[in-house]
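Residue-level structure breakdown
What follows is each chain in one-letter form.
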Amino acid sequence: VQLQASGGGLVQAGGSLRLSCAASGLAFSRTAVGWFRQAPGKEREFVAVISRSGSSTPYSESVKGRFTISRDNDKKTVYLQMNSLKPEDTAVYFCAAKSTILTYTPMSIPEFDYWGQGTLVTVSS
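Notes on the structure follow. Note that the structure is a prediction, hence the values are computed from the model and not measured. (Residues numbered from 1 in each chain as written. Predicted model: local features only at pLDDT ≥ 70, side-chain atom pairs only at ≥ 80, totals over all residues. Heavy atoms only, no water.)

1. Focus on the state of the cysteines
Cut-off, in case you're wondering: In plain terms, two cysteine sulfur atoms within 2.5 Å form what is called a disulfide here. For the purposes of this entry, the term helix denotes a DSSP run of H or I that reaches at least four residues, the term strand denotes a run of E that reaches at least two, and both are numbered from the N terminus.
What the rule picks out here adds up to one disulfide. Here Cys-21 pairs with Cys-95 through a disulfide, and the sulfurs are 2.2 Å apart. Its S-S torsion of approximately 70° makes the covalent link between Cys-21 and Cys-95 right-handed. Pair noted here: Cys-21 is in strand 3 (residues 17-24) and Cys-95 is in strand 8 (residues 91-99), with a separation of 74 residues, a long-range link.

2. Points about the packing of aromatic side chains
Applicable threshold: Any two rings among Phe, Tyr and Trp, with Trp reduced to its six-membered ring, count as a pair given centres within 6.5 Å; such a pair is stacked if its planes are under 30 degrees apart, edge-to-face if over 60, and tilted if neither. Throughout this description, buried means an accessible area under 20% of the type-specific maximum (1.4 Å probe, protein chains only), exposed means over 50%, and partly exposed covers the range between. Note on criteria: charge over ring means Lys NZ or Arg CZ within 6 Å of the ring centre, with the direction from the centre no more than 35 degrees off the ring normal.
Counted according to the given criterion, the structure contains four aromatic pairs. Here Phe-36 and Phe-112 contribute two aromatic rings whose centre-to-centre distance is 5.3 Å and whose plane-to-plane angle is 85°, an arrangement assigned as edge-to-face. With Phe-36 in strand 4 (residues 31-38) and Phe-112 in the loop between strand 8 and strand 9 (114-115), the pair connects residues that are 76 residues apart, well separated along the chain. By relative accessible area, which is 5% here, Phe-112 ends up buried. Residues Phe-112 and Trp-115 carry aromatic rings whose centres are separated by 6.1 Å and whose planes lie at 65° to one another, so their mutual orientation is edge-to-face. Cluster of aromatic residues (ring-pair linked, three or more members): Phe-36, Phe-46, Phe-112 and Trp-115. Geometry around Trp-115 places Arg-44 over its ring, the cationic atom sitting 5.0 Å from the centre.

3. Some details on the side chain of Ser-20
Short version of the rule: The contact definition used throughout considers only heavy atoms, calling two residues in contact when any of these lie within 4.5 Å.
Within the secondary structure layout, Ser-20 lies in strand 3. Not counting residues up to four positions away in its chain, the partners in contact with Ser-20 are Gln-4, Ala-5, Ser-6, Trp-35, Thr-77, Val-78 and Tyr-79.

4. Some remarks on unusual backbone geometry
Glycine aside, residues mostly have negative phi, and peptide bonds are mostly found in the trans state. In this structure, Lys-76 is a non-glycine residue whose phi angle is positive, near 55°. Inspection of the secondary structure puts Lys-76 in the loop between strand 6 (67-72) and strand 7 (77-82). Residue classification places Lys-76 among the partly exposed positions, given a relative accessible area of 35%. The residue Ser-84 is not glycine, and still its phi comes out positive at about 50°. Relative to the assigned elements, Ser-84 resides in the loop between strand 7 and strand 8. We classify Ser-84 as partly exposed; its relative accessible area is 41%.

So this is what it looks like as structure tokens:
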């Protein structure tokens, strides 16, 4: 199983980025996929997750209304569209996957079975 996160970079505050998480080696349509982030000196935290069907997409309060998670099961890819970025969004962003049933959306780190390598997002003020 491989999860390849990409799309990070340097952007000014107020700007946008779209992250991608490409999966291989797993039954993608039967997995929930989440995004987490870890800022320097801080613990990894939940950002967003999408259910296997795409019908359930909870977000953390800090990104709600600015970030949008989506998936393309044909391409085995999950996206995180990040708008109105703030300096406090600076972090390494990780995607993670877990085989689930129906609309279940795990949101805690121990629940996820597979992790990508992370992509760095830097937001300048």
